[in-house]
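Structural description and commentary
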Amino acid sequence: MRVPVIAGNWKMHKSVAESASFARELLPSIAAYESVERIVAPTFLALTAVAEALRGSGVGLSAQDAHFEPQGAFTSQISAAMLKGIASHTIIGHSECRAWLGETDERVNLKVRAALSCDLTPIVAVGENLQQYEAGQTFAVVGRQVRAALQDVGTADMSRVILAYEPVWAIGTGRNASAETARDAIGDCVRATLAELYGASIARQVRILYGGSVKPDNMSQYMAEQEIDGALVGGASLNVSDFAALVAIAAREKTAGNNS
Ligand code: 13P
């Protein structure tokens, strides 16, 4: 069985002090749900403070990006090598990075490989924009993104990769994809592409999340879908009770509530 994942992407929210105190406040309400992989992704600046707050809790700490070169003349960037030993995960290929920072499929691939080589679990985000969605191009776009992101990633590393289907039109818009839309994109496109690349057995083991306006009141419908292994959450991860509710729902729906 695939272990469900709930990852909170805090984006450019919360100061260092706010991030650390939020993490401390969050812990008691999610501590019991050990059957769910719980991850928070604060701003780079707050990673060490949040690491300290999370120490010994079993909650994962993710960066929001990771440069592929270990070091160099890349003003503003932070490398996977620098994150090694601080973070356990890093988001790569978020649509906001693709839109605002010129992230390309090729760079996403370099970053995924750099993350893996630095013992970071990449959470690789893929997803079509509104125009592509309305033109019926979802599978073509997402399939291409998955193939590009995983080029030269070996079978042995796939157990460490998490994918997230985040349709751009659903991010921060309140317009979440229906559970059926998310299920089809995840099962018939992302997982089907993994099966082509790595075989059916590996494809069945990889966790694939949905992201885009996930809230406590729509979470159950996603978790009821066998293909959807959890959520990558923006807005609702900034609120302790909402994030805790998402973790509780994942535990209930995916692990028969065996640890609440
Ligand atoms: P929202 O949950 O705010 O739509 O953000 C989703 C997201 O981008 C997570 O990475």
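Going along each chain's sequence as written, the residues are numbered from 1 onward. A pLDDT threshold of at least 70 governs which residues receive local features in this predicted model, and a stricter bar of 80 or more applies before side-chain atom pairs are shown or counted, although totals over entire chains, interfaces and linings include all residues. With hydrogens and water excluded, all non-hydrogen atoms of the structure serve as input to the side-chain values.

Here's the deal with the site of the ligand
Note the threshold: Each residue is tested against the molecule or strand, and it is near if at least one of its non-hydrogen atoms lies within 4 Å. In the analysis that follows, any N or O atom pair within 3.5 Å is treated as a polar contact, provided that within protein one partner can donate a hydrogen and the other can accept it, and provided that, for residues neighboring in sequence, both atoms belong to side chains. For the area figures, the Shrake-Rupley method with a 1.4 Å probe applies, and any residue is considered shielded solely by the protein chains shown. All residues other than Ala, Val, Leu, Ile, Met, Phe, Trp, Tyr, Cys, Pro, Asp, Glu, Lys and Arg, Gly among them, are scored as polar; the first ten of these are nonpolar and the last four charged.
Inspection of the region around the ligand gives 13 residues, with K11, H94, G172, S213 and G235 positioned closest. Between the ligand and G235, the relevant distance is 2.8 Å, taken from an oxygen atom to a main-chain nitrogen or oxygen of the residue. Burial of the ligand by the protein chains amounts to 96% of its free accessible area of 310 Å². A per-class count over the shell around the ligand returns 4 nonpolar, 7 polar and 2 charged.

Here's the deal with helix 8 (residues 179-198)
Spelled out, the test is: Here the bend at a residue means the angle between the axes of two seven-residue stretches, the one that ends at it and the one that starts at it. Starting at the N terminus, helices and strands are each numbered in turn, a helix being any DSSP run of H or I of at least four residues and a strand any DSSP run of E of at least two. Throughout, exposure labels follow a simple rule: accessible area from a 1.4 Å probe, protein chains only, divided by the maximum for the residue type, with under 20% read as buried, over 50% as exposed, and the rest as partly exposed. The criterion used for residue contact is that any of the two residues' heavy atoms lie within 4.5 Å.
Along helix 8, the helix axis deviates most sharply at I186, where the bend reaches about 30°. Residues of helix 8 that are buried: A179, A182, A185, I186, G187, C189, V190, R191, T193, L194 and Y198. Tucked inside the fold, the buried residues of helix 8 contact helix 7 (138-149), strand 6 (162-165), helix 9 (200-205), strand 7 (207-211) and helix 10 (216-223). One or two residues past the end of helix 8 sits G199, with phi positive at roughly 95°.

Section: the pairing of strand 3 (residues 60-63)
Let me state the cut-off plainly: At least two DSSP bridges between two strands are needed for those strands to be called paired. Orienting the strands away from the viewer, one traces the path from the first strand over the helix to the second; a clockwise path indicates a right-handed crossover.
Of the two faces of strand 3, both are covered, the one formed by G60 and S62 as well as the one formed by L61 and A63. Inspection of the sheet shows strand 2 (residues 37-41) paired to strand 3 by 2 bridges, in the parallel sense. Within strand 3, the position partnered with V40 by the bridge is L61. Where the polypeptide runs from strand 2 across helix 2 (residues 47-54) and back to strand 3, its parallel neighbour, the crossover connection is right-handed. Note that strand 3 and strand 4 (residues 89-92) share 2 bridges and pair parallel. Pairing of S62 across the sheet is with H89, part of strand 4.

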